[in-house]
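# Residue-level structure breakdown
Here's the letter readout for the chains.
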Amino acid sequence: MITFSAIDHVQLAMPAGEEEKARAFYRNLLGMTELVKPPELAQRGGCWFASGAVQVHLGVEKEFRPARKAHPALRCADYAGLIARLRLAGVEIIADDNNPGVTRCYVNDPFGNRIELIQQSTSV
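Residues numbered from 1 in each chain as written. Predicted model: local features only at pLDDT ≥ 70, side-chain atom pairs only at ≥ 80, totals over all residues. Heavy atoms only, no water.

### Structural notes on the nonpolar core
- Counting 25 residues, the largest nonpolar core has Phe 25, Tyr 26, Leu 58, Leu 86, Val 107 and Leu 117 as the members making the most contacts within it.
- If you list the elements that add at least two residues to this core, you get strand E1 (10–14), helix H1 (19–29), strand E3 (47–51), strand E4 (54–60), strand E5 (73–76), helix H3 (79–88), strand E7 (104–108) and strand E8 (114–119).
- Excluding its chain neighbours within four sequence positions, the residues that come into contact with Leu 58 are Gln 11, Leu 12, Ala 13, Met 14, Tyr 26, Gly 46, Cys 47, Trp 48, Phe 49, Asp 109 and Phe 111. (Core = buried A, V, L, I, M, F, W, Y, C linked by side-chain atoms within 4.5 Å. Buried < 20%, exposed > 50% of the residue type's maximum accessible area, 1.4 Å probe, protein only. Helix = DSSP H or I, 4+ residues; strand = E, 2+ residues; numbered from the N terminus. Contact = heavy atoms within 4.5 Å.)

Written as structure tokens, this is what we have:
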């Protein structure tokens, strides 16, 4: 039987040459740290980001199309603070109360990729 212990990272696509937009959103707004990509992979473009054990990799896709349904769901320690920062930056917050007992919303990164943000429960 094969067992998985964790997800190593989530890969999202981005258009070529838009790394600064990725940094502005993932590093500056979401507060993630940019990781150094191995040289062999860095030449392909894109960026990698981390926050604690969570990693989001953005890879360049030639015929880029944003992920509008499939998405990572990120649990937030300071959900209210993050939402306030995103609103101040003009990011549209799409509230979703369809899952009773879970405070969550959706945002789009600068490329249109959907990201779910979830308030971390006090029992986690």
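Once the structure has been displayed, the description carries forward.
### A word on the side chain of Lys 37
- Along the chain, the position of Lys 37 falls in the loop between strand E2 (33–35) and helix H2 (39–42).
- There is no salt bridge for the buried Lys 37, and the closest opposite charge comes from Glu 19, which lies 7.0 Å off by N-O distance.
- Only 3.4 Å separates the side chain of Lys 37 from the backbone oxygen of Leu 41, close enough to count as a polar contact.
- Separated by 2.5 Å, the side chain of Lys 37 and the backbone oxygen of Gly 45 make a polar contact. (Lys, Arg positive; Asp, Glu negative; His and termini not counted. Salt bridge = Lys/Arg side-chain N within 4 Å of Asp/Glu carboxyl O. Polar contact = N/O pair within 3.5 Å; in protein donor to acceptor, adjacent residues only side chain to side chain.)

### Quick notes on the sheet that holds E2
- Read across the open sheet, the 4 strands follow the order E1-E4-E3-E2; overall the sheet is mixed. Every other strand in the sheet has two partners, leaving E1 and E2 as the edge strands with one partner each. Put simply, the sheet's adjacent strands are angled 30° from each other on average, direction ignored.
- Examined bridge by bridge, E2 and E3 share 3 bridges and lie antiparallel to one another. Looking across to E3, one finds that Glu 34 is bridged to Phe 49.
- Here H1 sits on the sheet in contact with E1, E2, E3 and E4, set at roughly 5° to E3. (Pairing = 2+ DSSP bridges. Axes fitted to C-alpha atoms, helices over the stretch in contact; angles between N-to-C directions.)

### Points about the sheet that holds E8
- Taking strand neighbours across the sheet as the criterion, the 4 strands line up as E5-E8-E7-E6 in an open arrangement whose pairing is mixed. In this open sheet, the two strands that pair with only one neighbour each are E5 and strand E6 (94–96). For this sheet, the mean angle separating the axes of adjacent strands, direction not counted, is 30°.
- Strand direction decides the pairing type here: E7 and E8, joined by 5 bridges, are antiparallel. Residue pairing in the sheet places Asn 108 in a bridge with Arg 114 of E8.

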